[in-house]
Structure formats: C-alpha cells, structure tokens
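Tertiary structure, described
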Amino acid sequence: MGREPGIVRPSREEAEEAVRTLIAYAGDDPDREGLRETPRRVTAAYDEFFAGYSEDPLDVLSRTFDEVAGYDDIVMLRDIELHSHCEHHMIPFVGKAHVAYFPTDRVVGISKLARVVEVFARRLQTQETMTAQIAETIDKALKPKGVAVMIEAVHQCMSIRGVKKPDVATITTQFTGIFKEDPAQQARFMMLATERGRG
C-alpha cells in the first residue's frame, strides 16, 4: 500500500528541471529573480504533499490493545481535517473525514485512525478511492465488526477551473460489516457524522 511497484523516482535535480519547464510553459522566465528558487520550493512542497507514498497504512495500525474493559460499541473520530490532491489535475481538495469502527476484541489508539486518513490523503487521489482505501485498511488491520467512513470535501479542480462552482461539497461513504448490513447502525453513524451545533 505504499509507492507503486516499478515506479522509478526521478532525482531532485530532474524534478526541479521539470518545474522550470512548467514555469516556461506558463509563459514566464524561470531565471527571473522571483522565480529562481521556485523549482526548489515546489520540489520541497511535493515532499510534504505526497509523503503518504513512503508510508504503509497497515503499519500505522499494527499496534493494538486487547484490554477494552467490556466496551461493546462504536469508536468514532469526527471532523478529521484532510488535504489531498486530485489525481486528474493535481489540484488540492480539502475537507473532513468521519471514521468509525465497531471493535471485536481489540482497539487501536485513536490518533492512529487520523494517521491512516493522513497517509492516504498525502497521495494523488480521487475522493472515492481514498474513502474505500481507508475503510479497507481499518477492516484488514483490526478485523472489527464493521467500518464506516464518510468524507466531505471541496475540490478546487471544480471551483477554480472547469465549471467554476465554488463551495460545492462532494460526499463519499464506504461501509463494511455491521454498518453495511444493519441500516440502524449505518443511520446512527450518519447522524453522528452530520450532527452539528455541538458545544
């Protein structure tokens, strides 16, 4: 679940030269004073934007705890901020993820759920694929009774280009196990995910 096999990563120098080419394609001079350091800055930014390729999300969830003191209900994180990049235009989309799972006999530190979202967000993505990947990873690592994931995000590839419709939220969901099979559990998750006005 990391970098695609067989992908040869260019050198930093090659990446910076590619940025110089794009600057020239845009119609500006890459040797102009204000742009001289831009290739270096863009390449450094890419190291941050796409850091998820160097991480295995299953490793993030590898440390679990068996002691749950009889707890038998869902564990949910709501409003996990995410910043990703559309794989079609390499333009950001920004939003929030709501993630829940129904444990069987083990739980994971809650920060690890947010970390899994971050790993997949820091890759070139479609929102639909990312939603499925998050659910699949949690399901595979924790083997819970079920997983529920909802992502709502605004895509700049739609708001600043193309149809230019700002503030349109795209919503995707993915359910496994009890959340897929039991409409009451699915409705409960959706209610918790969309409930607003809390203190």
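Residues numbered from 1 in each chain as written. Predicted model: local features only at pLDDT ≥ 70, side-chain atom pairs only at ≥ 80, totals over all residues. Heavy atoms only, no water.

**Looking at the packing of helix 4 (residues 110–121) against helix 5 (residues 127–142)**
Let me state the cut-off plainly: Lines fitted to the C-alpha atoms define the axes, with helices restricted to the stretch that makes contact. Angles between their N-to-C directions range from 0 to 180 degrees. A run of H or I in DSSP becomes a helix once it reaches four residues, and a run of E becomes a strand once it reaches two; helices and strands are each numbered from the N terminus. Angles below 35 degrees are treated as roughly parallel, those above 145 as roughly antiparallel, those between 65 and 115 as roughly perpendicular, and all remaining angles as oblique. By definition, turning the near helix anticlockwise from the far helix through less than a right angle yields a left-handed crossing, and turning it clockwise yields a right-handed one. In what follows, residue pairs with any heavy atoms lying within 4.5 Å of each other are defined as contacts. Under this grouping Gly is polar, as are all residues other than the nonpolar Ala, Val, Leu, Ile, Met, Phe, Trp, Tyr, Cys and Pro and the charged Asp, Glu, Lys and Arg.
At their nearest, the axes of helix 4 and helix 5 sit 10 Å apart, and the two run at 140° to each other. Overall, the two elements helix 4 and helix 5 adopt an arrangement that is oblique. You can see that helix 4 and helix 5 cross each other, and the crossing is right-handed. Across from L113, V116, V117, F120 and A121 in helix 4, the residues of helix 5 making contact are M130, Q133, I134, T137 and I138. Taken together, the residues of the contact of helix 4 with helix 5 break down into eight nonpolar, two polar and no charged.

**Here we look at a nonpolar patch on the surface**
What counts, and what does not: Residues qualify for a patch when their relative accessible area is over 30% and they have no salt bridge, like charges being joined within 9 Å and the nonpolar side chains of Val, Leu, Ile, Met, Phe, Trp and Tyr within 5 Å. Only the protein chains shown count as covering a residue, and every accessible area follows the Shrake-Rupley method with a 1.4 Å probe. By definition, a salt bridge exists where a carboxyl oxygen of Asp or Glu is found within 4 Å of a side-chain nitrogen of Lys or Arg.
There is a patch of nonpolar side chains on the surface, built from Y46, F49 and M90 and spanning about 260 Å² of accessible area. By the secondary structure assignment, Y46 is in helix 2 (residues 38–49).

**Points about the sheet that holds strand 3 (residues 92–102)**
Using the following cut-off: Two strands are counted as paired when DSSP detects at least two bridges linking them.
A sheet is described by the order of its strands in space; here five strands give the open sequence 5-2-3-6-7, paired in mixed fashion. Each edge of the open sheet is held by one strand with a lone partner, namely strand 5 (124–125) and strand 7 (169–177). With ten bridges connecting them, strand 3 and strand 6 (residues 146–155) associate as antiparallel partners. From the neighbouring strand, F93 faces strand 6, where its bridge partner is H155. Sheet strands touched by helix 4: strand 2 (75–86), strand 3 and strand 5. Its angle to strand 2, the strand with the most contacts, is close to 20°.

**Quick look at helix 2**
Since the α-helix advances by 3.6 residues per turn, residues separated by three or four positions end up pointing in the same direction. To be explicit about the condition: Given a helix with a known number of residues, its expected span is that number minus one, times 1.5 Å. The cut-offs for exposure are 20% and 50% of the maximum accessible area for each residue type, with area from a 1.4 Å probe on protein chains only; residues under the lower value are buried, those over the upper are exposed, and the others partly exposed. The arc in question is the one traced by the directions running from the helix axis out to the C-beta atoms.
Taking 1.5 Å of rise per residue, the twelve residues of helix 2 would be expected to cover 16 Å, and the 16 Å separating its terminal C-alpha atoms lies within 8% of that figure. Residues T38, P39 and T43 constitute the buried set of helix 2. All buried residues of helix 2 project into a common sector of 130° when viewed along the axis, lining one side. In this structure, the buried residues of helix 2 make contact with helix 1 (12–26).

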